[in-house]
Amino acid sequence: MVSDHKTWRQTFAVPEQGNALAKVKCPTCGALFELKVFSEHGARFRKLGFAWWFFVISAVGIVSGVSLGAKKGLFAVTISAPFLVLGVRHLVDALRGQFYPSDLVCHTKGKVHRIFDDHKIMFHK
C-alpha cells in the first residue's frame, strides 16, 4: 500500500526514565497520533528483548536443522542465519547504546500510516 502522506520533521524530548506520551497531528490529513517516547534505558531493554527473540528463533532453526539430516538441515540452518545476524546486530547496538529513532518512538494509537521517516525524527535532552 502506497501512502500519499508526506513525512515531516518532529522534535521529541527523550524522558530520563520510563516513557512519555506525545500527541502529534498529521499536517496532511489532520489525524491525531499518540506516540510513546521511550527513555534510553527502556529502549535498551527493548533492543535486548528483540535480540533475545532473534536468538531463540535462530537456535530453534539450528537445532531442528541438526536433527533433520544433511539436505533438510542445511535448509533450516540457512533460514535461521538471518535471525542470528539480526540478533547480533541488536545485541551490539544495545550494548553500545546506539539507538535509531524507531527504537525510541512507537505508535500507541492513531490512524495507521507512516508519518515519520527515521531520519526526520530529532531528539533533544
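A brief look at the structure comes next. Small disclaimer: the values here were computed from a predicted structure and weren't measured.

**As for the pairing of strand 3 (residues 32-38)**
One face of the sheet, then the other: side chains in a regular strand alternate in exactly this way.
Okay, step 1: Among the 7 residues that make up strand 3, 5 are buried, leaving the element largely enclosed by the rest of the structure.
Okay, step 2: Bridge analysis of strand 2 (residues 19-25) against strand 3 gives 7 bridges, and the strand direction is antiparallel. By the bridge assignment for strand 3, A20 is matched with V37.

**Digging into helix 2 (residues 70-96)**
Okay, step 1: Over its 27 residues, helix 2 runs 38 Å from end to end, which matches the ideal 39 Å to within 8%, given 1.5 Å per residue.
Okay, step 2: Remark: the principal bend of helix 2, roughly 30°, maps to S80, with a proline, P82, within the next four residues.
Okay, step 3: Residues of helix 2 that are buried: G73, A76, S80, G87, H90, D93 and A94.

**Some words on the nonpolar core**
Okay, step 1: One finds F12, A22, V24, C26, A31, F33, L35, V37 and V105 forming the largest nonpolar core, which totals 9 residues.
Okay, step 2: Elements that contribute at least two residues to this core include exactly strand 2 and strand 3.
Okay, step 3: At 3 residues, the largest contribution of residues to this core is made by strand 3.

**A look at a nonpolar patch on the surface**
Okay, step 1: On the surface, I62, V66, V77, L84, V88 and V92 cluster together into a nonpolar patch covering about 440 Å² of accessible area.
Okay, step 2: The leading source of residues in the nonpolar patch is helix 2, at 4 residues.
Okay, step 3: Its location among the elements puts V66 in helix 1 (residues 40-68).

**Things to note about the packing of helix 1 against helix 2**
Okay, step 1: Two numbers describe how helix 1 lies on helix 2: the axes approach to 7 Å, and their chain directions differ by 160°. When the axis of helix 1 is compared with that of helix 2, the two are roughly antiparallel. Judged by the twist between their axes, the crossing of helix 1 over helix 2 is left-handed.
Okay, step 2: Of the residues assigned to the contact of helix 1 with helix 2, the class counts are 16 nonpolar, 8 polar and 4 charged.

Rules and cut-offs
Residues numbered from 1 in each chain as written. Predicted model: local features only at pLDDT ≥ 70, side-chain atom pairs only at ≥ 80, totals over all residues. Heavy atoms only, no water. Buried < 20%, exposed > 50% of the residue type's maximum accessible area, 1.4 Å probe, protein only. Helix = DSSP H or I, 4+ residues; strand = E, 2+ residues; numbered from the N terminus. Pairing = 2+ DSSP bridges. Expected span 1.5 Å × (residues − 1). Bend = angle between axes of the 7 residues up to and from the residue. Core = buried A, V, L, I, M, F, W, Y, C linked by side-chain atoms within 4.5 Å. Patch = residues over 30% accessible without salt bridge, like charges linked within 9 Å, V, L, I, M, F, W, Y side chains within 5 Å. Areas by Shrake-Rupley, 256 points an atom, 1.4 Å probe, with all protein chains shown as cover. Salt bridge = Lys/Arg side-chain N within 4 Å of Asp/Glu carboxyl O. Axes fitted to C-alpha atoms, helices over the stretch in contact; angles between N-to-C directions. Parallel < 35°, antiparallel > 145°, perpendicular 65-115°, else oblique. Left-handed = near helix turned anticlockwise from the far one by under 90°. Nonpolar A, V, L, I, M, F, W, Y, C, P; charged D, E, K, R; others polar.

Everything listed here is a matter of coordinates, which is why it stays silent on function.
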